[in-house]
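# Architecture at a glance
If you want the building blocks of each chain, they are given just below.
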Amino acid sequence: MSIMLYEHNKHAYASAIAMLKETGKAAVVHPTGTGKSFIGFKLCEDNPDKTICWLSPSKYIFSTQLENLVSEHDLSDARNEMKVSTSHKELSERLNRIFPNIKFFTYAKLMNMTEGELRDIHPDYIVLDEFHRCGAEQWGRGVDRLLQIYGEVPVLGLSATSIRYLDNQRDMSDEIFDGHIASEMSLGEAIVRGILNPPKYVLSVFSFKEELDRYEMRAAHAKNKAVRDKAEEYLEKLRRALNRAEGLDQIFSRHMPDRCGKYIVFCSNYEAMQDAIRKVPEWFCLIDPEPHIYQVYSEDADSVEEFNSFRLDKDSDKLRLLFCIDALNEGVHVDDISGVILLRPTISPIVYKQQIGRALSASKRTEPVVFDVVNNIKSLYCIDGIKEEMQSTISYLHHIHDDNEIVNDSFEIIDELSNCLELFNGLEETLSASWDIMYLEAESYYKTFGNLMVPADYMTEAGYGLGRWIRAQRIAREKRESAIPAGESFGEASMEEVLSDERISKLDKIGMCWDPVYKERWAVNYKLAGEYFKKFGDLNIPHDYIAEAEELKTVFPDGKAKLGVWLSVQRTNYQRGHLSKEKIEALEKIGIRWDIFDDRWEQGFYYAKKYVEEVGDINFISKDEEYSGFNLSRWLHTQRARYKNGKLSQERVERLESIGFKWSIHEAFWEKGYNHAVDYAEKHGNLSVPQNFTCEDGFKLKIWLKNQSSKYKKGQLSTVQITKLQGIGCI
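Overview of the structure. Since we're looking at a predicted model, the values are computed, not measured.

Definitions and cut-offs
- Residues numbered from 1 in each chain as written.
- Predicted model: local features only at pLDDT ≥ 70, side-chain atom pairs only at ≥ 80, totals over all residues.
- Heavy atoms only, no water.
- Helix = DSSP H or I, 4+ residues; strand = E, 2+ residues; numbered from the N terminus.
- Areas by Shrake-Rupley, 256 points an atom, 1.4 Å probe, with all protein chains shown as cover.
- Phe/Tyr/Trp six-rings, centres within 6.5 Å; stacked < 30°, edge-to-face > 60°.
- Buried < 20%, exposed > 50% of the residue type's maximum accessible area, 1.4 Å probe, protein only.
- Axes fitted to C-alpha atoms, helices over the stretch in contact; angles between N-to-C directions.
- Parallel < 35°, antiparallel > 145°, perpendicular 65-115°, else oblique.
- Left-handed = near helix turned anticlockwise from the far one by under 90°.
- Contact = heavy atoms within 4.5 Å.
- Pairing = 2+ DSSP bridges.

When you go through the protein residue by residue, the secondary structure sums to 31 helices and 19 strands. When the accessible surface of the protein is totalled, it reaches about 35,600 Å², and 49% of it is carbon and sulfur.

Time to look at the packing of aromatic side chains. Considering all chains together, one arrives at 21 aromatic pairs under this definition. Ring geometry for W435 against Y439: centres 5.5 Å apart, planes inclined by 10 degrees, an arrangement best described as stacked. You can see W435 and its partner Y439 sitting in helix α20 (residues 435-449), four residues apart, about one turn around the helix. Assessed through its relative accessible area of 5%, W435 is described here as buried. Owing to a relative accessible area of 9%, Y439 belongs among the buried residues under this scheme.

Attention now moves to unusual backbone geometry. Positive phi values are uncommon outside glycine, yet H122 reaches one of about 50 degrees. Structurally, H122 is set in the loop between α7 (115-119) and β4 (125-129). Taking relative accessible area as the criterion, H122 reaches 52% and is therefore assigned exposed. A positive phi angle, close to 50 degrees, is found at E130, a residue other than glycine. Relative to the assigned elements, E130 resides in the loop between β4 and α8 (137-149).

Tracing the backbone through its elements, the reader meets Q274 in helix α14 (residues 270-278). For Q274 and F323, which are 49 residues apart along the polypeptide, the C-alpha to C-alpha distance reads 9.0 Å.

Turning next to the packing of helix α29 (residues 665-684) against helix α31 (residues 719-727). Closest axis-to-axis distance for the α29/α31 pair is 11 Å, and the angle between their directions is 15 degrees. Our classification of the angle between α29 and α31 gives roughly parallel. Crossing hand, α29 versus α31: left-handed. In contact with W670, E671 and Y674 of α29, α31 contributes Q721, K724 and L725.

Next up on the list: the sheet that holds strand β2 (residues 52-56). The six strands lie next to each other as β3-β2-β4-β5-β1-β8, forming an open sheet whose pairing is parallel. The two strands at the open ends of the sheet, each matched to only one other strand, are β3 (102-106) and β8 (181-184). Taken pair by pair, the neighbouring strands of this sheet meet at an average axis angle of 15 degrees, ignoring direction. Two strands pair when backbone bridges link them, and strand β1 (residues 25-29) and β8 are joined in this way by three bridges, in the parallel orientation. What sits directly across from A27, in β8, is I181. Packed onto the sheet, helix α1 (residues 7-23) meets β1, β4, β5 (155-159) and β8 and runs at close to 155 degrees relative to β1. Taken strand by strand, helix α2 (residues 37-46) contacts β1, β2, β3, β4 and β5, and its axis lies near 155 degrees from that of β5.

Everything listed here is a matter of geometry and, on its own, says nothing about what the molecule does.
Right, dumping it as structure tokens:
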């Protein structure tokens with residue numbers, strides 16, 4: 001077997017291997033459908049004599065990834081086994097013969113394993129698949145135990161995202177991999193570069209009455225008559241537009257290119273799924289009055305058989321629909337999917353992109369279709385994120401004069417809502433406040449916090465949604481400056497949506513940040529780094545250094561900026577050539593040194609030296625002991641392992657030895673006994689140590705001296721040790 005990686009994964013794999021050798025940690029963040037699991041399998045193939053501990057959310061995901069590997073490569077024996085497999089357990093066992101060096105565990109299994117069972121793994125590499133899931137409390141505890149035991153073992157992480165959006169936007173690439181990302185690619189970038197084919201995106205709505213009712217209530221309670229009248233105008237236009245909108249039967253019939261294809265239908269819960277299945281005759285009557293229907297959900301014991309039946313359904317004359325709840329959000333990919341249907345409420349961007357990804361594949365050349373059938377108006381904004389990612393990639397490629405990399409500059413969006421989104425935006429603005437009133441609220445916020453990095457859900461004391469309004473201004477300016485021709489791709493912007501020069505100027509005067517939040521975070525970290533330099537005179541910031549302040553909650557939900565990690569990421573990106581000229585110049589302006597030693601190692605040495613100065617002997621720190629919040633014992637264990645393997649530079653060897661660090665615990669223990677013996681001899685003039693004598697630190701000197709005499713007689717002491725002991729009259 002020889003695994004052939006796609007070109008984008010070749011670069012990611014090479015970068016990951018180099019980073020694993022350098023830092024011991026590497027994360028690959030690539031969107032669903034790009035074949036990132038093959039990167040992990042390539043590591044297994046290239047190291048057949050090494051044990052790979054592979055962790056995954058489920059056996060189901062792992063088995064399907066192995067199936068995809070088989071289907072992509074010439075593995076005829078394994079493929080024949082696949083055809084007769086009756087369960088995913090059997091399939092997993094048979095396909096594991098391909099990689100006998102893999103020890104596979106689910107995160108759930110890991111968290112219940114004893115320490116003895118964990119120590120029996122003896123991995124040479126650890127692979128954390130879907131590593132953002134390690135942020136879950138129970139699963140994370142199991143992963144932490146494993147990584148503590150095997151602190152020196154290289155760890156490779158694979159995921160479509162490192163962010164836990166519904167968990168205070170925790171970044172697991174920071175928490176697990178110290179910001180060491182070997183390769184990162186957004187869904188928008190993958191589409192622009194032609195790695196994934198752009199989908200045909202059909203946007204519609206199937207439930208809007210409750211949303212209308214809420215707006216009608218807000219309009220009725222508006223204090224200003226002019227506001228009530230204007231809101232009623234919008235409401236009337238919305239009612240007419242929504243009533244004119246075609247039913248889903250017409251929309252599916254018009255936009256399903258493969259009328260005998262396979263489609264995955266994502267539902268929010270079991271009740272919603274059953275309701276959708278009941279509506280199949282109504283929704284799909286113009287395509288196939290009796291489609292094949294399958295359903296998969298985690299609590300159903302028959303889900304595996306249902307999914308296999310769906311995969312193996314080759315009836316070319318029938319429409320095939322697989323209804324599911326969460327089960328196919330991540331890790332699972334089926335090559336012959338014609339499209340997906342999203343029957344969704346507002347959800348995490350992770351889940352949204354994973355569901356879209358079911359229809360996309362780097363090996364697929366046909367145009368997939370995504371039916372985004374939302375059930376509330378707020379859900380209409382999800383597509384904006386992918387469009388922003390595409391535009392960001394296009395702008396960057398233009399900037400570095402690499403236009404040849406731009407394969408797709410847009411994708412077809414079919415809006416079946418008759419401008420409902422614009423009408424809802426107008427209604428929201430009317431009921432919120434006029435532009436001038438909102439500007440005054442923004443000005444007040446600026447005077448209080450010194451910036452306009454307003455959280456998306458921020459409400460003013462008067463009840464105005466300032467966070468949403470700030471976001472709307474960014475979108476309006478983006479549409480004004482967009483290079484996309486009017487009427488194409490992302491739609492034509494109306495004059496009401498475009499900001500005037502005067503309004504842009506006014507917002508600039510109060511510190512408006514026009515970039516998305518991730519750029520805001522870069523700007524905030526940059527400002528904090530500048531302040532650190534002014535205070536300390538350098539940017540040698542400890543890796544675990546965190547800046548914490550209430551005002552930071554505008555861009556960091558917990559009010560904490562991991563400045564040490566951020567600076568490490570900037571240096572890593574600089575070394576890999578991933579930092580723009582502007583950012584390089586900006587960082588050099590505040591005193592960054594690019595040639596600084598590896599931050600992570602310097603951080604460990606800083607604490608080791610500090611420990612010697614404040615506590616004493618560095619060689620006998622108890623297992624997992626933390627010092628000033630740093631796991632010093634694990635770091636020292638790693639240095640011994642790297643020294644043993646010849647991976648520690650002479651300069652670092654000398655620096656560690658200069659603070660009394662010993663490369664062997666046995667050597668350190670011997671030196672400790674010898675020093676105690678010297679101290680005793682100097683104090684008492686002899687080594688006639690009483691039988692039960694114990695040194696101040698608890699060291700049993702009498703027993704140690706007896707052991708040296710015994711070892712001397714057995715010839716177990718080195719020449720250097722013998723000379724030292726003879727010098728103090730011990731032997």
